[in-house]
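Structural overview
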Amino acid sequence: NELGMGDNASCSPCPFGQFQHLSGQAACNLCGGEATTTAVGSTSCVCQGNGRTHQPTDNRCLCRQGYKESVVGGEDCARSVFSVCGEGTWRGTDGVCRTLLQWQDYCRDEFCNSPD
């Protein structure tokens with residue numbers, strides 16, 4: 001359990017709904033409207049909805065890696081499932097399968113911003 005609120009000699013656990021993920025801090029942080037804690041003295045928050053993870057820096061609950069926003073809405077994130085890329089193609093982090101030539105074009109156009 002992480003402690004907060006006070007000097008090291010008088011630290012007390014963060015109350016329910018608050019957390020402190022860094023050691024030696026003088027205060028606890030609120031989890032925000034999308035998350036809560038599971039116990040007093042928590043070092044992290046738990047998001048509402050399946051497949052979500054809490055970001056302590058801005059208290060947002062984003063879809064975990066391998067999940068995407070559900071098309072039906074709501075709090076849950078849906079697991080991303082991709083078909084197998086065809087022979088001679090490779091999948092990028094955006095989920096698109098590309099050939100070597102397509103990757104060269106993609107990298108040039110998206111990252112280098114140069115015509116060649």
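Residues numbered from 1 in each chain as written. Predicted model: local features only at pLDDT ≥ 70, side-chain atom pairs only at ≥ 80, totals over all residues. Heavy atoms only, no water.

1. Digging into the overall build of the chain
Helix and strand counts for the chain stand at 1 helix and 12 strands. Each helix and strand of the chain, placed in order from N terminus to C terminus, yields the pattern β-β-β-β-β-β-β-β-β-β-β-β-α. Per-residue burial for the chain yields a buried fraction of 23% across its 116 residues. Within the chain, counting contacts between residues at least 6 apart in sequence, those at least 24 apart form 20% of the total. Of the roughly 8000 Å² of accessible surface on the chain, 52% is carried by carbon and sulfur atoms. (Helix = DSSP H or I, 4+ residues; strand = E, 2+ residues; numbered from the N terminus. Buried < 20%, exposed > 50% of the residue type's maximum accessible area, 1.4 Å probe, protein only. Contact = heavy atoms within 4.5 Å. Areas by Shrake-Rupley, 256 points an atom, 1.4 Å probe, with all protein chains shown as cover.)

2. Remarks on the pattern of salt bridges
Evaluation of the coordinates by the stated rule reveals 4 salt bridges. Residues R98 and D94 are paired through a salt bridge, measuring 2.6 Å at the closest nitrogen-oxygen approach. On the accessibility criterion, D94 (38% relative accessible area) is partly exposed. We note a salt bridge from R108 to D109, for which the minimum N-O separation is 3.2 Å. For R108, a relative accessible area of 24% translates into the label partly exposed. Among the residues examined, D109 registers a relative accessible area of 42% and is labelled partly exposed. Salt bridges linked by common partners bring D105, R108 and D109 together as one network. (Salt bridge = Lys/Arg side-chain N within 4 Å of Asp/Glu carboxyl O.)

3. Things to note about the state of the cysteines
Applying the stated criterion across every chain, the model contains 5 disulfides. Through a disulfide, C31 is tied to C45; the S-S separation comes to 2.0 Å. Judged by the sign of its S-S torsion, about -80°, the bond between C31 and C45 is left-handed. With a gap of 14 residues between them, C31 in the loop between β4 (29-30) and β5 (35-36) and C45 in the loop between β5 and β6 (46-47) connect regions that are remote in the sequence. In this structure C45 comes out as buried when scored by relative accessible area, which is 9%. Across a sulfur-sulfur distance of 2.0 Å, C85 and C97 are joined as a disulfide pair. Around the S-S axis, the bridge from C85 to C97 shows a dihedral of about -80° and counts as left-handed. Of this pair, C85 sits in the loop between β10 (77-79) and β11 (90-91) while C97 sits in strand β12 (residues 97-98), and the two are 12 residues apart along the sequence. Along the chain, the cysteines that take part in disulfide bonds pair up as 1-2, 3-4, 5-6, 7-8, 9-10, counted in sequence order. (Disulfide = S-S within 2.5 Å.)

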